[in-house]
Amino acid sequence: MRLIFIGPPGIGKGTYATAVSERYGIPHISTGDIFREEVKRGSELGRKVKKYLEAGELVPDEIVIEVVRERLKKEDCRKGFILDGYPRTLRQAEELDKMTSIDLVLNFHAPDEVIIERLGGRRICVKCGAIYHVKFMPPKKPGICDKCGGKIIQRKDDTPEVIKHRLEVYRRVFTPIINYYKEKGILLDVYAGEPANIVIPRILKLLEEHGFKPEK
Ligand code: ADP
Ligand code: ZN
């Protein structure tokens, strides 16, 4: 089962990808995660992409396409995969079509207000990185991390103004990609404006309805 997940920041894609990955025994491949990992390791690839990540700009197609091509050749992709964060340009989409065939593209969506509430309420521990939410997952003592006693803060890019800008950038980049798969007839819109314990069963049901049998 070869899937692509598309969705704005804060939609919960990582959580859904983990659930589908476990149920179907296929890897979750996030190009953003791959690049961040390479930057951390200080590899040659990491050194090449660092400046783009830091500026929030797209990594050049030639680099991304090769990374994905090599990743999809690995043994663990034989039964399928979930691609997350790729493709981001039409050229990347066309190159992907030459490498493999995609079964379904899940397009996660929710009203902007829901995303702003989720990301805007997110808090993070400066010391250990634990994530909280003022409404959905508050710490026991306000402002203090349950795990390590560190101070809990809001990330600069989680303020409403910056979130709105991130949503605009998301739409600009992904609208042509969404249209590309819509025209191919393999795009499925999935409503993700509810908690994960509702969205995940919805996704799994959808996949079964499309004839994909889970491993477990
Ligand atoms: P975000 O942090 O916006 O959710 P990702 O984690 O998917 O985005 O990606 C982080 C960064 O990695 C992007 O800002 C970009 O620099 C780079 N990147 C990831 N995937 C791609 C891609 N398909 N094409 C170009 N650049 C990419
Ligand atoms: Zn902490």
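Residues numbered from 1 in each chain as written. Chains lettered and ligands numbered in written order. Predicted model: local features only at pLDDT ≥ 70, side-chain atom pairs only at ≥ 80, totals over all residues. Heavy atoms only, no water.

Enquirer: For this particular structure, what's the right way to read the site of ligand 1?
Expert: The immediate surroundings of ligand 1 are formed by 14 residues, with T31, R36, E57, G85 and Q92 found nearest. Between an oxygen atom of ligand 1 and a main-chain N or O atom of E57, the distance comes to 2.6 Å. Contact between ligand 1 and R88: a nitrogen atom at 3.0 Å from a side-chain N or O atom of the residue. Protein chains bury 76% of the 540 Å² of accessible surface belonging to ligand 1 in isolation. Looking at the shell around ligand 1, the elements that each hand over two or more residues are α2 (31-41) and α3 (44-55). (Near = heavy atom within 4 Å. Polar contact = N/O pair within 3.5 Å; in protein donor to acceptor, adjacent residues only side chain to side chain. Areas by Shrake-Rupley, 256 points an atom, 1.4 Å probe, with all protein chains shown as cover. Helix = DSSP H or I, 4+ residues; strand = E, 2+ residues; numbered from the N terminus.)

Enquirer: How do you make sense of the coordination of the zinc ion (ligand 2) when you look at a structure like this?
Expert: In ideal tetrahedral geometry, four donors around a metal make angles of 109.5 degrees, whereas ideal octahedral geometry with six donors gives angles of 90 or 180 degrees. Protein coordination at the zinc ion (ligand 2) comes from C125 (SG), C128 (SG), C145 (SG) and C148 (SG), with a distance range of 2.3 Å. What the 4 donor atoms of the zinc ion (ligand 2) show is an angle range of 100 to 115° at the metal, which sorts the shape as tetrahedral. In the primary structure, the donors to the zinc ion (ligand 2) are separated according to the pattern C-x2-C-x16-C-x2-C. Of the two residues, C128 sits in the loop between β5 (122-125) and β6 (131-133) while C148 sits in the loop between β6 and β7 (152-153), which places them 20 residues apart along the sequence. On the accessibility criterion, C148 (28% relative accessible area) is partly exposed. (Donors = N, O, S within 2.8 Å, 3.2 Å for Na, K, Ca; no water. Tetrahedral: all angles 85-135°; square planar, octahedral: opposite > 155°, others 65-115°. Buried < 20%, exposed > 50% of the residue type's maximum accessible area, 1.4 Å probe, protein only.)

Enquirer: How should I be thinking about the pairing of β5 in this particular structure?
Expert: Bridge count for β5 against β6 is 3 bridges, and the pairing is antiparallel. Residue pairing across strands places I124 opposite I131, the latter belonging to β6. The turn linking β5 back onto β6 is made up of 5 residues, and G129 within it adopts a positive phi angle of 85°. Bridge analysis of β5 against β7 gives 2 bridges, and the strand direction is antiparallel. Counterpart to C125 in the pairing with β7 is I152. (Pairing = 2+ DSSP bridges.)

Enquirer: Which parts of the structure should I look at to understand the environment of M137?
Expert: Mapping M137 onto the fold places it in the loop between β6 and β7. Once the C-alpha coordinates of M137 and G121 are considered, the two residues, 16 residues apart in sequence, prove to be 9.4 Å apart. Ignoring any residue separated from it by four or fewer positions in sequence, one finds M137 in contact with I131 and Y132. (Contact = heavy atoms within 4.5 Å.)

Enquirer: Which parts of the structure should I look at to understand the environment of K182?
Expert: With respect to the element layout, K182 can be found in helix α7 (residues 160-184). Owing to a relative accessible area of 51%, K182 belongs among the exposed residues under this scheme. Measuring from C-alpha to C-alpha, the distance between K182 and R47 comes to 36 Å, with 135 residues separating the pair along the chain.

Enquirer: Quick question: what am I supposed to make of the sheet that holds strand β3 (residues 81-84) here?
Expert: The strands that make up a sheet are held in pairs by hydrogen bonds between backbone atoms, and each pair lies either parallel or antiparallel. With parallel pairing, 5 strands are arranged side by side in an open sheet as β2-β3-β1-β4-β8. Edge strands, defined here as strands with exactly one partner in the open sheet, are β2 (28-30) and β8 (187-191). The sheet shows a mean angle of 25° between the axes of neighbouring strands, direction not considered. Sheet topology note: the strand β1 (residues 2-6)/β3 ladder contains 4 bridges and is parallel. Along β3, the bridge assignment pairs F5 with D84. Packed onto the sheet, α7 meets β1, β4 (104-109) and β8 and runs at close to 145° relative to β1. (Axes fitted to C-alpha atoms, helices over the stretch in contact; angles between N-to-C directions.)

Enquirer: I'm lost on the packing of aromatic side chains in this one. Help?
Expert: What describes a pair of aromatic rings is the distance from one ring centre to the other and the angle between the planes of the rings. In total, this model carries 4 aromatic pairs according to the counting rule given. A ring pair is formed by Y16 and F108, whose centres lie 5.1 Å apart and whose planes are at 45°; its orientation type is tilted. Taken as a pair, Y16 in helix α1 (residues 13-24) and F108 in strand β4 lie far apart in primary sequence, 92 residues in all. When its relative accessible area of 1% is taken as the criterion, F108 is described as buried. Plain terms: the ring middles of Y180 and Y181 are 5.0 Å apart, the flat faces sit at 90° to each other, and that makes the pair edge-to-face. Judged by relative accessible area, Y180 falls into the buried class, the value being 17%. Taking relative accessible area as the criterion, Y181 reaches 0% and is therefore assigned buried. Each member of the aromatic cluster is reached from another via a ring pair, and the members are F5, Y16 and F108. (Phe/Tyr/Trp six-rings, centres within 6.5 Å; stacked < 30°, edge-to-face > 60°.)

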